[in-house]
Amino acid sequence: MIDNVTLYPGRITLNEWRQVVGGAAISLDSTFLPLIEKCAASVERIVARGEAVYGINTGFGKLAAIRIPVDDLTTLQRNIVLSHAAGVGAPTDADVVRTMMSLKVASLGRGASGVRPSIIDALIQMLVHDAIPIIPQKGSVGASGDLAPLAHMTATMLGEGEITLKGDRMPARDALAQIGLTPLTLGPKEGLALLNGTQFSTAAALVAAVRLERVFQTALLSGALSLDASKGSTIPFDSRIHALRGHPGQIEVAAAFQNILAGSEIRDSHDGCAKVQDPYCLRCQPQVMGAILDLARNAIGTLTIESNGVTDNPLVFADDDEALSGGNFHAEPVAFAADQLAMATCEIGSITERRIAMLTDPALSGLPAFLTPHPGLNSGFMIPQVTAAALVSENKQKAFPASVDSVPTSANQEDHVSMAAHGAYRLLDMVETTLQIVAIELLAAAQGCDFHTPLRSSGPLEKVRASIRSKIPTLQEDRFFSPDIAAAAGLIRDGSILDAVDSVQLPSFSITTS
């Protein structure tokens, strides 16, 4: 992983956001500094004209008709931050907070929000020093932007609230002092620019998407291992079948399975057997996982656009000294993308659980019951399959679209909202749940292949098996099972499974252009 990502707002790629999610520090391309300064100067001229301009010298939301005197503009910006910092719940995942702060830098860096360069630099310095605001998870409806979580972020810049500094939780004022920053005094428009926008929802969705990509790729490997464990056919992966349908993801996934399984002794051992067809959970992996890939890429496309956009309000057009009030803070695109990712996450777990169930059923897999050499005395994988079933059901309940709900807020001024924040943040739990299901399949499929010894699977899959067996021995007799699942999940989470097959090109969520 690279240590620093230089953000070029408007052109930031998914790969760069992957690096940010992974903990890379950020800087802003210096060519944007003149734009930022020009826009901040425009706000000063707008204030000097004395006209009523929303968010600069008026109240907010339903209170927009109230004019604020010039002497109170600094207090106005501080008040909006403190009053809007009304979130509840457990602290937000640190990866999400870092990504949210980086997204805010990218948005402000476009030079349409009217903040001074020092505001942006404060965010960057906090990231450089690993000073991460404590932000409650709940409280945003995704319009007018993610007000509560962004207000909590901004409050720490004013010396209010709490920060974790290199892992130690402390008052924000103390953390700022330790890294050489003084609490900010906000100028006109700056408080609103910081807390208005879709950065919380977009960050949660991006972090979830990056984690889901790893789970998706690992599920391709575990699915291929299950195919070999059950002596399934590779004929359904023939490229001619998928070319006739034409879906790009399906074509890519089928090709990946052919590459993953090439050279398997287990596969060759049953060439020409009497079995005509495999269950759908094996045979239709390209169709299901390919559709998931296409859906995820569509969602990533939306999130990439959003991550490069300006979503606060009003927006300042410095060339004309105009501040135009619109609705870019409405996170409907993010809510739709999050719902798409929720469906994709749910389906990875669903088809994976079906393969676990198939492997444990001797009538379907041809393997010993529940994958134990001594069924009856031992229960083997009986309850891990039950666990997988429970996790699948949990994800199904969470996959209900968040974007179809709306509750009016702010005395009906904000009468339709996106619910993107909930829709995006629930993805983190859903992805982790699916990761656990895939971990169980890795164990079950490796166990199934062990019964075919001395026959070996393909080169890539043997590396997967070796990675698993480096931490988890074959299940000969029943033992305390939970640590095995935790160890397998750790191999997915830290990338060990994918690192073992880095010579194999697996489909990614990156959008390719022809």
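In case you missed it, the structure is sitting above this.
Thresholds applied
- In this numbering scheme, every chain counts its residues from 1 along its sequence in written order.
- Local features in this predicted model are restricted to residues whose pLDDT is 70 or higher, and side-chain atom pairs enter the listing and the counts only when it is 80 or higher, whereas totals over whole chains, interfaces and linings include all residues.
- Each side-chain value is derived from all of the structure's non-hydrogen atoms; neither hydrogens nor water enter the calculation.
- Strands here mean DSSP runs of E at least two residues long; helices mean DSSP runs of H or I at least four residues long; both are numbered from the N terminus.
- Buried, partly exposed and exposed residues are distinguished by accessible area as a fraction of the type maximum, computed with a 1.4 Å probe on protein chains only: under 20%, between the cut-offs, and over 50%, respectively.
- It only takes one pair of heavy atoms within 4.5 Å for two residues to be counted as in contact.
- Here a polar contact is recorded for every N or O atom pair within 3.5 Å, except that within protein the pair must consist of a potential hydrogen donor and a potential acceptor, and residues adjacent in sequence are included only if both atoms are side-chain atoms.
- Here, axes are lines fitted to C-alpha atoms. For helices the fit covers the stretch in contact, and angles between N-to-C directions go from 0 to 180 degrees.
- Roughly parallel refers to an angle under 35 degrees, roughly antiparallel to one over 145, roughly perpendicular to one between 65 and 115, and oblique to any angle outside these ranges.
- Crossings are classed by handedness, with left-handed meaning an anticlockwise turn of the near helix from the far one by less than a right angle and right-handed meaning a clockwise turn.
- Residue classes follow a fixed rule: Ala, Val, Leu, Ile, Met, Phe, Trp, Tyr, Cys and Pro count as nonpolar, while Asp, Glu, Lys and Arg count as charged, and any other residue, Gly among them, counts as polar.
- Any pair of Phe, Tyr and Trp rings, taking the six-membered ring for Trp, is counted once the centres come within 6.5 Å. Such a pair is stacked with planes under 30 degrees apart, edge-to-face with planes over 60 apart, and tilted for the rest.
- In what follows, salt bridge is the name for a side-chain nitrogen of Lys or Arg lying within 4 Å of a carboxyl oxygen of Asp or Glu.
- Throughout, nonpolar core names a set of buried Ala, Val, Leu, Ile, Met, Phe, Trp, Tyr and Cys residues whose side chains join them through atoms within 4.5 Å.
- Excluding any residue in a salt bridge, patches collect residues exceeding 30% relative accessible area, merging like charges within 9 Å and nonpolar Val, Leu, Ile, Met, Phe, Trp and Tyr side chains within 5 Å.
- All accessible-area figures derive from a Shrake-Rupley calculation using a 1.4 Å probe, and residue coverage is judged against the displayed protein chains alone.
- To estimate the expected span of a helix, subtract one from its residue number and multiply by 1.5 Å.
- Strands pair, by our definition, only if DSSP identifies at least two bridges between them.

**Considerations on the environment of R110**
When you line up the elements, R110 lands in the loop between α4 (94-108) and α5 (117-128). The exposure class assigned to R110 is partly exposed, which follows from its relative accessible area of 35%. Expressed as a C-alpha distance, the spacing of R110 and L35, which sit 75 residues apart in the sequence, is 7.2 Å. In this view, R110 contacts P9, G10, L35, N308, G309 and V310; residues no more than four positions away in its chain are not counted. There is a polar contact of 2.5 Å between the side chain of R110 and the backbone oxygen of N308.

**Some details on the environment of H330**
Looking at the secondary structure, you find H330 in the loop between β9 (322-324) and α15 (332-360). Classification of H330 as partly exposed rests on a relative accessible area of 23%. H330 sits 284 residues away from I46 along the chain, and the two C-alpha atoms are 25 Å apart. Residues contacting H330, with those up to four places away along its chain left out, are G142, A143, T198, H416, V417 and S418. A polar contact is formed between the side chain of H330 and the backbone oxygen of H416, at a distance of 3.1 Å.

**Considerations on the packing of helix α11 (residues 248-261) against helix α14 (residues 285-307)**
Two elements in contact, α11 and α14, have axes whose closest approach is 7 Å; the angle formed by their N-to-C orientations is 125 degrees. Considering their axes alone, α11 and α14 lie oblique with respect to each other. Where α11 crosses over α14, the two elements pack in a sense that is right-handed. From α11, P248, G249, Q250, E252, V253, A254 and F257 reach across to α14, where they touch Q285, P286, Q287, M289, G290, L293, D294 and R297. Per-class residue counts for the contact of α11 with α14 are seven nonpolar, five polar and three charged.

**Overview of the packing of helix α18 (residues 420-450) against helix α19 (residues 459-469)**
Pairs of packed helices are described in terms of their axes, by the angle between the two and the distance that separates them. Packing of α18 against α19 leaves a shortest axis separation of 10 Å and a crossing angle of 110 degrees. Judged on the interaxial angle alone, α19 and α18 are roughly perpendicular. On α19, the residues that touch L442, L443, A446, Q447, C449 and D450 of α18 are V464, R465, I468 and R469. Residue composition of the contact of α18 with α19, by class: six nonpolar, one polar and three charged.

**Points about unusual backbone geometry**
In this structure, S144 follows A143 across a cis peptide bond, with omega equal to 0 degrees. On the secondary structure map, S144 appears in the loop between β5 (136-138) and α6 (147-157). Omega for the peptide link from T453 to P454 comes to 15 degrees, which places this bond in the cis form. One non-glycine residue with positive phi stands out, namely D130, at about 55 degrees. Positive phi values are uncommon outside glycine, yet K231 reaches one of about 50 degrees. For K231, the position within the fold is in the loop between α9 (199-229) and α10 (239-245).

**Quick look at the packing of aromatic side chains**
One pass over the full model with this rule turns up six aromatic pairs. Pairing F381 with F481 gives two aromatic rings, centres 5.0 Å apart and planes at 80 degrees, and the pair type is edge-to-face. A residue pair is termed long-range when its members are at least 10 positions apart, and F381 in the loop between α16 (362-365) and α17 (382-398) and F481 in the loop between α19 and α20 (482-493) qualify at 100 residues. Neither residue differs from the other here; F381 and F481 are each classed as buried.

**Here's the deal with the pattern of salt bridges**
Counting across every chain of the model gives 24 salt bridges. The partner of D93 in a salt bridge is R211, and the shortest N-O contact between them spans 3.0 Å. Residue D93 is found in the loop between β3 (88-91) and α4, and its partner R211 is found in helix α9; the two are separated by 118 residues along the sequence. Residue D93 is classed as partly exposed on the basis of its relative accessible area of 22%. Owing to a relative accessible area of 28%, R211 belongs among the partly exposed residues under this scheme.

**Looking at the nonpolar core**
Membership of the largest hydrophobic core comes to 155 residues, with the highest contact counts inside it found for F216 and M289. The residues contacting M289, other than those within four sequence positions of it, are F216, A219, L220, V253, I348 and I351. Formed by five residues, the second largest nonpolar core is a distinct cluster that contains A143, A402, V417 and M419.

**Observations concerning a nonpolar patch on the surface**
A contiguous nonpolar patch, built from M382, I383 and V386 and spanning about 240 Å² of accessible area, is present on the exposed surface. In this fold, M382 is placed in helix α17. Given the relative accessible area of 32%, M382 is considered partly exposed.

**A short note on α4**
Relative to the 21 Å expected for 15 residues at 1.5 Å per residue, α4 spans 21 Å between its end C-alpha atoms, a close match to the ideal helical length. With 13 of its 15 residues buried, α4 lies for the most part within the structure. Structurally, the start of α4 carries an N-cap: the backbone nitrogen of D95 is 2.7 Å from a side-chain oxygen of D93.

**Things to note about the sheet that holds strand β4 (residues 131-133)**
Sheet strands pair by backbone hydrogen bonding; their relative direction is either parallel or antiparallel. Reading across the sheet, the three strands line up as β4-β6-β7 and stay open at both edges, with antiparallel pairing between neighbours. This sheet does not close on itself; its edge strands, each paired only once, are β4 and β7 (168-171). Averaged over all adjacent pairs, the angle separating strand axes in this sheet is 35 degrees, with direction ignored. Strand direction decides the pairing type here: β4 and strand β6 (residues 162-165), joined by three bridges, are antiparallel. For P133, the partnering residue across the bridge sits in β6 and is I163.

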